[in-house]
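Observations on the model geometry
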Amino acid sequence: MGRSTSALKRPENRHGSNNPMTRGDDICTALHRATGLVVDAGVSIAPYTTLKIGGPADFFVRAPDGKSLGRVLTAAENLALPVLVLGGGSNMIVSDRGFRGLAVKVETPTSLRNRGTVIHEDGQEVVIQVEPGCQTAGIARWTAQLGLSGLEWACGIPGTIGGAIAGNAGAYDGDMKAVVNAVTFWSPGQASTGFPSRICTVSGGKMAFGYRSSLLKSPGSGVVIGAELRLGRATPAELLQRINRFEASRRARQPTERSCGSVFRNPPGKFAGQLIEQAGLKGHRIGDAQISLLHGNYIVNRGAATAHDIAILIEEVRDRIFVGTDIFLETEVVLSGDWSTDGDPTNSDDAREGPDGVGVAAQPKTDAATATLGDRNG
Ligand SMILES: Cc1cc2nc3c(=O)[nH]c(=O)nc-3n(C[C@H](O)[C@H](O)[C@H](O)COP(=O)(O)OP(=O)(O)OC[C@H]3O[C@@H](n4cnc5c(N)ncnc54)[C@H](O)[C@@H]3O)c2cc1C
């Protein structure tokens, strides 16, 4: 597990210091000074993903709220430190080599995680403010209990509000696009968002929401540090009934093993899961990584799967579907970290992340595949 700021082993020279013996200590100290948060070194990312896969992050910090998240991101940028933002880790595959930079776990304290603050209400609608680390499913259930409609579809979605907004999570008849009133986000100096200031609040209409995508989905674009959701009104009983229906449907078709949700985006007019099933790939397995027997678009970790196993499986699926249908399946899941598995993992020159990396800066590469896995993400 991680080493704390005070008991830090001398780190490798991975971040361009003139003095390789102190660079890691300096980074932990500088981050701690700028944010007041505890910074650890060499922390395994696996426990923070739903697949329970992923190597160590050079540095690791927990941001309990949007304000501290913003401070961490600015401090990391000042140190030219690549950042990997971890919400619930329910839509990402982190490489076995981990992440060369700072992993920021966005983690709202338990007592605040499943609730927001009502900031406006009238007879028809209510606007609530939520932290980026709030649990999407928790907020959905809390609002339903209050008789606020619009998030019933989200009761079965793991992860955080920040991750859900960035990826425009959705299910059944709903998605984040339909409920986001405004988003406050932090953007790096060279952000591609087009908005001038580092922290800005924009209306939901300016978030460029699309099918599992948004303005903030692409690497280096920005990080959600707060949001407002606009909800309607209904009776809690009605909402609970809808939730129960969705949950029953999910129980019937969603695997219970460790997974990262849908691996591939649905191609236009088709379902990726159906194509995979028709290709006879359900149950196909590399090591402990397996195409779910229940749902073709889920890869499950049956115990000791590695990111490498999953990468091979993804490529095999792609090849088989492409050969059979001429359709190239793009990944929906985000591939993060250092995928340069063909080099010496201890060689600092081999790290692929650039210094620009707020968001996921990695260029995913695997020796199992000639094509990169993540660069065609939507
Ligand atoms: C069993 C299961 C079922 C699922 N069902 C669905 C479903 O029905 N519909 C659906 O849409 N998804 C589904 N998912 C996928 C996933 O739960 C959602 O996409 C979820 O919203 C991701 O949120 P997260 O906090 O876990 O994001 P993470 O996995 O932590 O991160 C995903 C990406 O978002 C970025 N990110 C995280 N937080 C922020 C932030 N604050 N600001 C900007 N970027 C951020 C990360 O850096 C990463 O690039 C499912 C997953 C599982 C495991």
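In this text, all values refer to a predicted model and were calculated from it rather than measured experimentally. (Residues numbered from 1 in each chain as written. Predicted model: local features only at pLDDT ≥ 70, side-chain atom pairs only at ≥ 80, totals over all residues.)

Overview of the nonpolar core
Heads up, the condition is: Among buried residues, those of type Ala, Val, Leu, Ile, Met, Phe, Trp, Tyr and Cys that are joined through C-beta atoms within 7 Å form a set called a nonpolar core. Partly exposed residues are those whose C-beta has more than 12 but fewer than 20 other C-beta atoms within 10 Å; 20 or more makes a residue buried and 12 or fewer makes it exposed, with C-beta atoms placed from the backbone. We count a stretch as a helix when DSSP gives it H or I for four or more residues in a row; a strand needs E for two or more, and each element gets its number in order from the N terminus. Boundary definitions for the domains trace back to an automatic or database domain assignment. Throughout, a pair of residues is in contact if the C-beta atoms placed from their backbones lie within 7 Å.
Of all hydrophobic cores here, the largest spans 96 residues; its most connected members are Phe59, Ile93, Ala103, Val104 and Ile165. It is helix 8 (residues 307–325) that provides the largest number of residues to this core, a total of seven residues. Both domains that furnish three or more residues to this core are identified here as domain 1 (110–237) and domain 2 (262–325). Excluding its chain neighbours within four sequence positions, the residues that come into contact with Ile165 are Met176, Val180, Val183, Ser214, Leu216, Val224 and Ala227.

Describing the sheet that holds strand 16 (residues 299–301)
The condition is simple: DSSP-based pairing: two strands are paired if at least 2 bridges between them are found.
Taken together, three strands build an open sheet; the order of strands is 14-15-16 and the sheet is antiparallel. Looking at the sheet topology across the chains shown, the edges are occupied by strand 14 (285–286) and strand 16. Bridge count between strand 14 and strand 15 (residues 289–291): two bridges; the pairing is antiparallel. When the sheet's bridge partners are listed, Ile286 is paired in strand 15 with Ala289.

Some thoughts on the site of the ligand
Counted only if it meets this: Think of it this way: take the backbone, place a C-beta atom on it, and check whether that atom is within 6 Å of the molecule or strand, in which case the residue is near it. When residue character is reported, Ala, Val, Leu, Ile, Met, Phe, Trp, Tyr, Cys and Pro are called nonpolar, Asp, Glu, Lys and Arg charged, and the others, Gly included, polar.
Taken together, 35 residues sit near the ligand, with Gly87, Gly159, Gly162, Gly163 and Gly261 positioned nearest. Elements represented by at least two residues in the shell around the ligand include exactly strand 3 (83–86), helix 5 (161–166), strand 9 (170–171) and strand 13 (223–233). With four residues, helix 5 is the largest single contributor of residues to the shell around the ligand. Of the residues that constitute the shell around the ligand, the class distribution is 17 nonpolar, 17 polar and one charged.

So, the packing of helix 1 (residues 23–35) against helix 2 (residues 66–78)
Put simply, the rule reads: For every element, the axis is a line fit to its C-alpha atoms; helices are fit only across the contacting stretch, and the angle between N-to-C directions ranges from 0 to 180 degrees. Should an angle lie under 35 degrees it is considered roughly parallel, over 145 roughly antiparallel, and from 65 to 115 roughly perpendicular; all remaining angles are considered oblique. Crossings are sorted by hand: turned counterclockwise from the far helix by less than a right angle, the near helix makes the crossing left-handed, and turned clockwise it makes it right-handed.
Close contact between helix 1 and helix 2 brings their axes to 9 Å; oriented N to C, the two are set at 140°. If you check the angle between helix 1 and helix 2, you find them oblique. Taken as a pair, helix 1 and helix 2 cross one another with a handedness that is right-handed. Counting all contacts with helix 1, which are made through Ala30, Leu31, Ala34 and Thr35, the residues of helix 2 involved are Ser68, Arg71, Val72 and Ala75. Of the residues that constitute the contact of helix 1 with helix 2, the class distribution is five nonpolar, two polar and one charged.

A short note on the sheet that holds strand 1 (residues 39–44)
Spatially, 1-2-5-3 is the arrangement adopted by the four strands of the open sheet, whose pairing is mixed. One side of each edge strand has no neighbouring strand; the edge strands of this open sheet are strand 1 and strand 3. Between one strand axis and the next, the sheet turns by 35° as a mean value, whatever way the strands run. Two strands pair when backbone bridges link them, and strand 1 and strand 2 (residues 56–63) are joined in this way by five bridges, in the antiparallel orientation. Bridging across to strand 2, Ser44 finds its partner in Pro56. Here helix 1 sits on the sheet in contact with strand 1 and strand 2, set at roughly 120° to strand 1.

Considerations on the confidence of the model for the chain
Put simply, the rule reads: Each residue gets a pLDDT score, which is the predictor's confidence in that residue and runs from 0 to 100.
Mean pLDDT over the chain stands at 85; residues scoring 70 or higher make up 82%. Counting interchain partners and residues more than four positions distant, the pLDDT-below-50 stretch residues 1–14 has 36 contacts. Predicted confidence is poor over residues 342–378, with pLDDT under 50, and the contacts of this stretch with residues over four places away or in other chains come to 91 contacts.

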